[in-house]
Amino acid sequence: MQTGPSHGLPPGFLFGASTASYQIEGATTEDGRGPSIWDTFTAEPGRVVDGSSGAVTCDHYHRWPEDVALLRRLGVDGYRFSIAWPRIQPTGSGPANQAGLDFYDRLVDALLEAGIAPMATLYHWDLPQALEDGGGWLDRGTASRFAEYAAIMGDLLGDRVAHWCPVNEPNVVTLNGYGEGSLAPGKALEFGALPVAHHLLLGHGLAVQALRAAGARQVGTATNHAPVLPLSGSEADVTAASLFDALWNRLFADPVLLGRYPDGIADAMPGPVAEDLLTIAQPLDFYGLNYYNPQGVRAAPEGSPVPFDVAAVPGYPTTDFGWPVAPSGLTDLLVEMTERYPQIPPILITENGCSYGMGPDADGVVDDQPRIDYLDSHLGAVADAVARGVDVRGYYCWSLLDNFEWADGFTQRFGLVHVDYDTLVRTPKRSFDWYADVIRAHRGTTA
Ligand code: FCB
């Protein structure tokens, strides 16, 4: 359903853009910031396809006033950014580093002055290396350290941040960071990574409590979800897909929203699990959900370390990343989440976007029509879900800027704004103007 430029989305619907600290800030050794697992990981040969790192990336740490001006020009209601834990606590515990606090303090004030509601993620993957040296998320103590850090940030910004997302995509951290090792800290523990999920969930619950105690207003999540589709009708593929769905989608959402683990998983978890689940299932003000594409799954060959293989679902056009463009997957996901979890709080799409590599032409224009098509169809997919009764209150596009795309370095461009990594010049793409028009039109029709 598309009913004009505002997509028929409800009045008061929030439009935003998202980024993350390690992907845009740079300045990794400045003003007392400690090393993070991403500094370590990117220094290891072969980890990042183009051998790059976030040492400079968009240099947002120095250019943030320009980026806030871009956000103002875009006209967004909200901006989701993440706080680099190692800027606040260089070794992951102990007193806060004043320069780190000042950076986010100024950023939040500038956003508010621009009329933009700040949404802060506390953990978008840049764990202080010192904590990883002590076991990282395999160690229960990391959840307690995370709660202390959350309390520091809540005290500083609780009166000004509109929305809090404690942990970005705990499933990606668990499966890709500790399970198969394509992301930092690069451990390939297979099912041995399950305790990471429990400690991230516990960290989430403790952080929600700490934020609330500090007066935070709206606290939610930023969890990656995907419809999981068996790649054939064979019993083996259907079984593999159902296991992957439990690990990717339900391992995190069930404890947070239902206060229990999917069948058979609690036994694999460490510590006083029943008691921890009470902490994990804190009431939330919103459920933040990141969506990119559905995941296809088939049974892995005999003798594989895990019983499933994940592959792109065929039959869709793909982005430059090779990710299927499947807007209906977002509608299906939103409907399914509401059916699975009838008590789910209002949903915010905390990330959605696509990678297309085009840069400025001879006239300086970045014509990224495929991104416009992607965003347009996904906003339509949200509207379809709303029409089917799902309470979605906002959409934050990934990403404001082209940035350091983790193990894919600078080879994938997700931004509404092009960044030239040699000159650091920002050039708004055509999608930027299109999104600004969508936002304006929505306000005009629903104000
Ligand atoms: C998500 C991450 C985000 C970005 C997008 C493309 O999984 O949260 O940082 O890399 O993918």
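Each value, and the rule that gives it
- Residues numbered from 1 in each chain as written.
- Predicted model: local features only at pLDDT ≥ 70, side-chain atom pairs only at ≥ 80, totals over all residues.
- Heavy atoms only, no water.
- UniProt positions renumbered as here; feature names shortened; annotations may be inferred.
- 1 Å grid on protein atoms, 1.4 Å probe; cavity = no way out; pocket = protein on both sides within 12 Å on 5 of 7 lines; lining within 4 Å.
- Helix = DSSP H or I, 4+ residues; strand = E, 2+ residues; numbered from the N terminus.
- Buried < 20%, exposed > 50% of the residue type's maximum accessible area, 1.4 Å probe, protein only.
- Contact = heavy atoms within 4.5 Å.
- Polar contact = N/O pair within 3.5 Å; in protein donor to acceptor, adjacent residues only side chain to side chain.
- Disulfide = S-S within 2.5 Å.
- Axes fitted to C-alpha atoms, helices over the stretch in contact; angles between N-to-C directions.
- Parallel < 35°, antiparallel > 145°, perpendicular 65-115°, else oblique.
- Left-handed = near helix turned anticlockwise from the far one by under 90°.
- Nonpolar A, V, L, I, M, F, W, Y, C, P; charged D, E, K, R; others polar.
- Near = heavy atom within 4 Å.
- Areas by Shrake-Rupley, 256 points an atom, 1.4 Å probe, with all protein chains shown as cover.
- Sits in = over half its atoms within 2 Å of the grid points.
- Core = buried A, V, L, I, M, F, W, Y, C linked by side-chain atoms within 4.5 Å.
- Expected span 1.5 Å × (residues − 1).
- Points joined across faces, edges and corners; volume = space filled by probe spheres on them.
- Pairing = 2+ DSSP bridges.

## Side note on the UniProt feature "binding site: substrate" (unreviewed entry) in the protein
Okay, so step 1: Residues given the UniProt feature "binding site: substrate" (unreviewed entry) here are Gln 23, His 124, Asn 168, Tyr 292, Trp 398, Glu 405 and Trp 406. For the largest pocket, the lining residues drawn from the annotated set are Gln 23, His 124, Asn 168, Tyr 292, Trp 398, Glu 405 and Trp 406.
Okay, so step 2: Secondary-structure assignment places His 124 in the loop between β3 (117–123) and α6 (129–133).
Okay, so step 3: Exposure remark for His 124: the relative accessible area of 2% places this residue in the buried category.
Okay, so step 4: Contacts of His 124, omitting those with residues within four sequence positions, involve Thr 19, Ala 20, Gln 23, Arg 80, Ser 82, Asn 168, Glu 351, Trp 398 and Trp 406.
Okay, so step 5: Contact partners of Asn 168, with chain neighbours within four places excluded, come to Arg 80, Thr 121, Tyr 123, His 124, Trp 125, Val 173, Ala 222, Asn 290 and Glu 351.
Okay, so step 6: At 2.8 Å, the side chain of Asn 168 forms a polar contact with the side chain of Arg 80.

## Here's the deal with the state of the cysteines
Okay, so step 1: With the rule as written, the count across this model stands at zero disulfides.
Okay, so step 2: Free cysteine Cys 165: the closest other cysteine sulfur is in Cys 397, separated by 15 Å.
Okay, so step 3: Judged by its relative accessible area of 0%, Cys 165 falls in the buried class.
Okay, so step 4: Unpaired in terms of disulfides, Cys 397 finds its nearest cysteine sulfur in Cys 354, a separation of 7.4 Å.
Okay, so step 5: Accessibility expressed as a relative area gives 1% for Cys 397, which makes it buried.

## Structural notes on the packing of helix α8 (residues 170–179) against helix α9 (residues 194–213)
Okay, so step 1: In contact at an axis separation of 9 Å, α8 and α9 are set at 150° when each is read in the N-to-C sense. The pairing of α8 with α9 is recorded here as roughly antiparallel in orientation. Handedness of the crossing formed by α8 with α9: right-handed. On the side of α8, the interface is formed by Pro 170, Val 173, Thr 174 and Tyr 178, while α9 contributes Val 196, Ala 197 and Leu 200.
Okay, so step 2: For the contact of α8 with α9, the class distribution of residues is six nonpolar, one polar and no charged.

## A short note on the environment of Pro 428
Okay, so step 1: Structurally, the position occupied by Pro 428 is in strand β14 (residues 426–428).
Okay, so step 2: The spacing of Pro 428 and Gly 303 is 125 residues in sequence and 49 Å in space, taken between C-alpha atoms.
Okay, so step 3: When near neighbours in sequence (up to four residues on either side) are disregarded, Pro 428 contacts Leu 70, Arg 73, Leu 416 and Val 417.

## Considering the site of the ligand
Okay, so step 1: By nearness alone, every residue bordering the ligand is listed as Gln 23, His 124, Trp 125, Asn 168, Glu 169, Tyr 292, Glu 351, Trp 398, Glu 405, Trp 406 and Phe 414.
Okay, so step 2: At 2.5 Å, a side-chain N or O of Glu 169 approaches an oxygen atom of the ligand.
Okay, so step 3: Protein chains shield 95% of the accessible area of the ligand, which is 300 Å² for the free molecule.
Okay, so step 4: If you map the ligand onto the pockets, it falls in the largest pocket.
Okay, so step 5: Grouping the constituent residues of the shell around the ligand by class yields five nonpolar, three polar and three charged.

## Brief notes about the packing of α9 against helix α11 (residues 273–280)
Okay, so step 1: Relative to each other, α9 and α11 sit at 45°, their axes nearing to 8 Å. With respect to each other, α9 and α11 are oriented oblique. The way α9 lies across α11 gives a crossing that is left-handed. Contacts between α9 and α11 pair His 198, Leu 201, Leu 202, His 204, Gly 205, Leu 206 and Gln 209 from the former with Val 273, Asp 276, Thr 279 and Ile 280 from the latter.
Okay, so step 2: Classifying every residue of the contact of α9 with α11 gives five nonpolar, five polar and one charged.

## Some words on the nonpolar core
Okay, so step 1: The biggest cluster of nonpolar side chains holds 132 residues, and the ones touching the most others in it are Trp 38, Ile 83, Tyr 123, Trp 137, Met 153, Trp 164 and Tyr 435.
Okay, so step 2: In terms of residue count, helix α10 (residues 235–258) provides more of this core than any other element does, 10 residues in total.
Okay, so step 3: If we skip the residues at most four places from it in the chain, Trp 38 touches Tyr 22, Trp 125, Asp 126, Leu 183, Ala 184, Phe 404, Trp 406 and Ala 407.
Okay, so step 4: Core analysis: the next-biggest nonpolar cluster, separate from the first, contains six residues, Met 119, Phe 286, Leu 348 and Tyr 396 among them.

## Topic: α10
Okay, so step 1: Taking 1.5 Å of rise per residue, 24 residues should cover 34 Å, yet α10 covers just 28 Å from first to last C-alpha, more than 12% shy of that figure.
Okay, so step 2: A positive phi of about 75° marks Gly 259, the residue just after α10.

## Some remarks on empty space enclosed by the protein
Okay, so step 1: Summed over all chains, the structure comprises five cavities of 30 Å³ or more.
Okay, so step 2: A volume near 100 Å³ is recorded for the largest cavity.
Okay, so step 3: Taken together, Val 167, Pro 170, Leu 200, Leu 201, His 204, Thr 221, Thr 223, Phe 252, Ala 253, Val 256 and Tyr 287 form the lining of the largest cavity.
Okay, so step 4: Secondary structure elements with two or more residues in the lining of the largest cavity: α9 and α10.

## A look at the pairing of strand β11 (residues 347–351)
Okay, so step 1: Most of β11 is tucked away, with five of its five residues classed as buried.
Okay, so step 2: Where strand β8 (residues 287–290) lies against β11, four bridges are found, and the strand directions are parallel. Note that in β11 the partner of Leu 289 across the bridge is Ile 349.
Okay, so step 3: Strand direction decides the pairing type here: β11 and strand β12 (residues 392–398), joined by three bridges, are parallel.

## A look at the UniProt feature "active site" (unreviewed entry) in the protein
Okay, so step 1: The sites that carry the UniProt feature "active site" (unreviewed entry) are, in the present numbering, Glu 169 and Glu 351. Across 183 residues, the annotated set stays spatially compact, with a maximum C-alpha separation of 10.4 Å. Considering only the residues just annotated, the largest pocket is lined by Glu 169 and Glu 351.
Okay, so step 2: The topology assignment puts Glu 169 in the loop between β4 (163–167) and α8.
Okay, so step 3: In this structure Glu 169 comes out as buried when scored by relative accessible area, which is 5%.

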